[in-house]
Amino acid sequence: MIGRARVTFLGTGTSHGVPMIGCGCAVCTSDDPRDDRTRPSIYIELPDLSVLVDTATDLRAQALRFRLPRVDAILFTHSHADHVMGLDEVRRYNAIQESSIPCYADGLTANEIRRTFAYIFESRTPRGGGLPRLDLFTLSGEFCLGRTVVTPVPLWHGRRLILGYRIGPFAYLTDCNRIPDETWPLLEGIDLLVLDALRHKPHPTHFSVPEALAVVDRLKPSRAWFTHIAHDLPHAATCARLPEGVDLAYDGLTLEFAL
Ligand SMILES: [Zn+2]
Ligand SMILES: [Zn+2]
Ligand SMILES: [Zn+2]
């Protein structure tokens, strides 16, 4: 064992966030703070460094709310707007840490990030307002972050493959609606599973609650949490109907595990 890891859910909402702009439904007007869902991201404190998974649209508010002291590395799942649009905010961590930040993504996502944020990656851009300093690496399998082994986990998200990530007994699988045959072995022995579950009704790019429960049934982790949640799912009422050991995640939830 090399130590303990701690995960904080920074955001557990779908791309619109909950409440959704202009919606007066029961979840969007709920008083339960667990029905307030910012865009999806987690923060993982490893024994020797702290890692952000995605730079969600709400990153600034998340970093302030949870007082994130540093970001030593960024793992990207994919380049959809809700997962990358906070990238400019990491300038503060460049300043605090006086260094650039290593970022990891698959090839497609790395290319799309370079294109979406051309002002960061094209050196001809004037640096007037200050730019994030990033070293963007393309992943091709298991790698080490400090002393911790990280396993990228390919997942189908509609017609594109994206990456989930496994660290020891923990896996974060957001934005997916199917697990490829060759990915199941990478998830063997998972004890703590975070999985996409958008709503009850089926969706072309996200697991529904029944589909996510089928994955939980096959992997049999001791605990599972659903994320990337739309306004269709009220926290308390939905959790009351989920099986033992399965819950909706919520912004601010933390969990710990041994490495
Ligand atoms: Zn998403
Ligand atoms: Zn609503
Ligand atoms: Zn997505």
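Computed from a predicted structure; not experimentally measured.

(A) Inspection of the coordination of the zinc ion (ligand 2) at higher detail. Looking at the zinc ion (ligand 2), one finds its protein donor set to be Cys 23 (SG), Cys 25 (SG), Cys 28 (SG) and His 231 (ND1), positioned 2.1 to 2.3 Å from the metal centre. Taken together, the 4 donor atoms coordinating the zinc ion (ligand 2) span angles of 105 to 115 degrees at the metal, a pattern that classifies the geometry as tetrahedral. Sequence spacing of the donors to the zinc ion (ligand 2): C-x1-C-x2-C-x202-H. Taken together, the residues span a long stretch of sequence, with Cys 23 in the loop between strand 1 (4-11) and strand 2 (41-45) and His 231 in the loop between strand 12 (223-227) and helix 7 (235-241) at a distance of 208 residues.

(B) Here's a closer look at the pairing of strand 9 (residues 160-167). Extensive coverage of strand 9 is indicated by the burial of 7 of its 8 residues. Where strand 8 (residues 148-157) lies against strand 9, 7 bridges are found, and the strand directions are antiparallel. Within strand 9, the residue paired with Pro 154 across the bridge is Leu 163. Hairpin connection, strand 8 to strand 9: the antiparallel pair is bridged by 2 residues, and Gly 158 has positive phi, about 70 degrees. As judged from the 3 bridges shared by strand 9 and strand 10 (residues 170-173), these two strands associate in the antiparallel manner. Its bridge partner being in strand 10, Ile 167 is matched across the sheet by Phe 170. Two successive antiparallel strands, strand 9 and strand 10, enclose a turn made up of 2 residues, where Gly 168 displays a positive phi of approximately 55 degrees.

Quick notes on the rules
- In every chain, residue numbers begin from 1 and rise along the written sequence.
- To label them, take the chains in the order written and letter them from A, then take the ligands in the order written and number them from 1.
- Where totals are concerned, whole chains, interfaces and linings use all residues; where local detail is concerned, this predicted model gives features only for residues with pLDDT of at least 70, and gives and counts side-chain atom pairs only at 80 or more.
- Based on all heavy atoms of the structure, the side-chain values leave hydrogens and waters out of the count.
- Donor atoms (N, O, S) are those found within 2.8 Å of the metal centre, with the cutoff raised to 3.2 Å for Na, K and Ca; water is not part of the atom list, so apparent gaps in a site can occur.
- Square planar and octahedral sites, with four and six donors, are those where opposite donors lie more than 155 degrees apart and all other angles lie between 65 and 115, tetrahedral sites have four donors with every angle between 85 and 135 degrees, and the rest are irregular.
- Only DSSP runs of H or I with at least four residues qualify as helices, and only runs of E with at least two residues qualify as strands; both kinds are numbered from the N terminus onward.
- Partly exposed describes any residue whose relative accessible area lies between the buried limit of under 20% and the exposed limit of over 50%, with all areas from a 1.4 Å probe on protein chains only and scaled to the type maximum.
- Two strands pair under a simple rule: DSSP has to find at least two bridges between them.

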